[in-house]
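Each chain, written out:
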Amino acid sequence: QVQLVESGGGLLQAGESLRLSCAVSGRTFSNYAVGWFRQAPGAEREFVAGITRDGNSTYYQGSVKGRSTISRDNAENTVYLQVNSLKLEDTAVYYCAARLGLIPVVGAGSYDYWGQGTQVTVSS
């Protein structure tokens with residue numbers, strides 16, 4: 001079993017930066033690719049960023065592409081997501097998820113474990 005706990009959410013203003021953390025415990029962290037997803041009210045859960053289990057490759061999708069960075073520290077069993085130049089539409093619950101294997105994928109159904117989510121609210 002793998003447990004994931006997100007932190008770092010809160011109320012921020014447009015234009016600020018956000019850094020989320022995902023602490024992972026349980027099985028060998030380095031066996032898992034990790035993805036960050038977000039879900040806005042009334043919307044589908046969407047893939048935001050992903051990182052391979054070795055940390056050598058990263059993937060981004062959607063409006064955060066170009067202003068976000070995902071990273072991981074396998075020694076600390078933690079994955080980070082930084083989003084710069086926050087926009088009102090970044091408001092959502094952000095989730096991290098882990099899947100056994102090398103590469104993260106965009107499909108939420110392909111992940112084995114999920115965190116409980118952390119709320120991010122961006123105000124003008």
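Structure's up top.
Not measured: the values here are computed from a predicted model.

1. A word on the overall build of the protein
Assigned secondary structure in the protein consists of zero helices and eleven strands. Computed over C-alpha atoms, the radius of gyration of the protein comes to 13 Å, within 12% of the 14 Å expected from 2.2 N^0.38 for 124 residues, which places it in the range of a compact globule. Seen along its three principal axes, the alpha-carbon backbone of the protein occupies a region of about 40 × 25 × 20 Å. For the protein, contacts bridging at least 24 residues in sequence account for 60% of all contacts bridging at least 6. Entry remark: accessible area of the protein is about 6000 Å², with carbon and sulfur atoms responsible for 45%. Counting 10 positive and 10 negative side-chain charges, the protein places the centres of these two groups 5 Å from one another.

2. Some points on unusual backbone geometry
Although it is not a glycine, asparagine 77 sits at a positive phi angle of roughly 55°. Despite not being glycine, serine 85 has its phi angle at roughly 50°, a positive value. In this structure, serine 85 sits in the loop between strand E8 (78-83) and strand E9 (92-100).

3. Overview of the packing of aromatic side chains
Working definition: an aromatic ring pair is given by the centre-to-centre distance plus the angle between the planes. Per the stated rule, a full pass over the model turns up six aromatic pairs. A centroid spacing of 6.1 Å and a plane angle of 65° characterise the contact between tyrosine 32 and tyrosine 113, whose relative ring orientation is edge-to-face. Note that tyrosine 32 is positioned in strand E4 (residues 32-39) and tyrosine 113 in strand E10 (residues 113-114), a separation of 81 residues in sequence. For the pair formed by tyrosine 32 and tyrosine 113, the shared burial category is buried. Here the aromatic rings of phenylalanine 37 and phenylalanine 47 are separated by 5.5 Å at their centres, their planes lie at 80°, and the arrangement is edge-to-face. Linking phenylalanine 37 in strand E4 with phenylalanine 47 in strand E5 (residues 46-51), this pair joins segments that are ten residues apart in sequence. In this structure, phenylalanine 37 and phenylalanine 47 share a single accessibility class: buried. Here the aromatic cluster, defined as three or more aromatic residues joined through ring pairs, consists of Phe37, Phe47, Tyr95, Tyr111 and Trp114.

4. Regarding the pairing of E9
Where burial is concerned, most of E9 is hidden: seven out of the nine residues are buried. Looking at chain direction, E4 and E9 are connected through eight bridges and run antiparallel. Directly across from tyrosine 32, in E9, lies its bridge partner leucine 100. With three bridges joining them, E9 and strand E11 (residues 118-123) adopt antiparallel strand pairing. Following the sheet pairing, valine 93 is matched in E11 by glutamine 119.

5. Regarding the sheet that holds E8
On the basis of which strands lie adjacent, the open sheet formed by four strands has the order E1-E3-E8-E7 and antiparallel pairing. In the strand order of this sheet, the two ends are held by strand E1 (2-7) and strand E7 (68-73), each with one partner. Adjacent strand axes in the sheet meet at a mean angle of 15° when their direction is disregarded. Here E1 pairs with strand E3 (residues 18-26) via six bridges, running antiparallel. Counterpart to glutamine 3 in the pairing with E3 is serine 25.

Each value, and the rule that gives it
- Residues numbered from 1 in each chain as written.
- Predicted model: local features only at pLDDT ≥ 70, side-chain atom pairs only at ≥ 80, totals over all residues.
- Heavy atoms only, no water.
- Helix = DSSP H or I, 4+ residues; strand = E, 2+ residues; numbered from the N terminus.
- Rg over C-alpha atoms; globule rule 2.2 N^0.38 Å.
- Contact = heavy atoms within 4.5 Å.
- Areas by Shrake-Rupley, 256 points an atom, 1.4 Å probe, with all protein chains shown as cover.
- Lys, Arg positive; Asp, Glu negative; His and termini not counted.
- Charge placed at Lys NZ, Arg CZ, Asp CG, Glu CD.
- Phe/Tyr/Trp six-rings, centres within 6.5 Å; stacked < 30°, edge-to-face > 60°.
- Buried < 20%, exposed > 50% of the residue type's maximum accessible area, 1.4 Å probe, protein only.
- Pairing = 2+ DSSP bridges.
- Axes fitted to C-alpha atoms, helices over the stretch in contact; angles between N-to-C directions.

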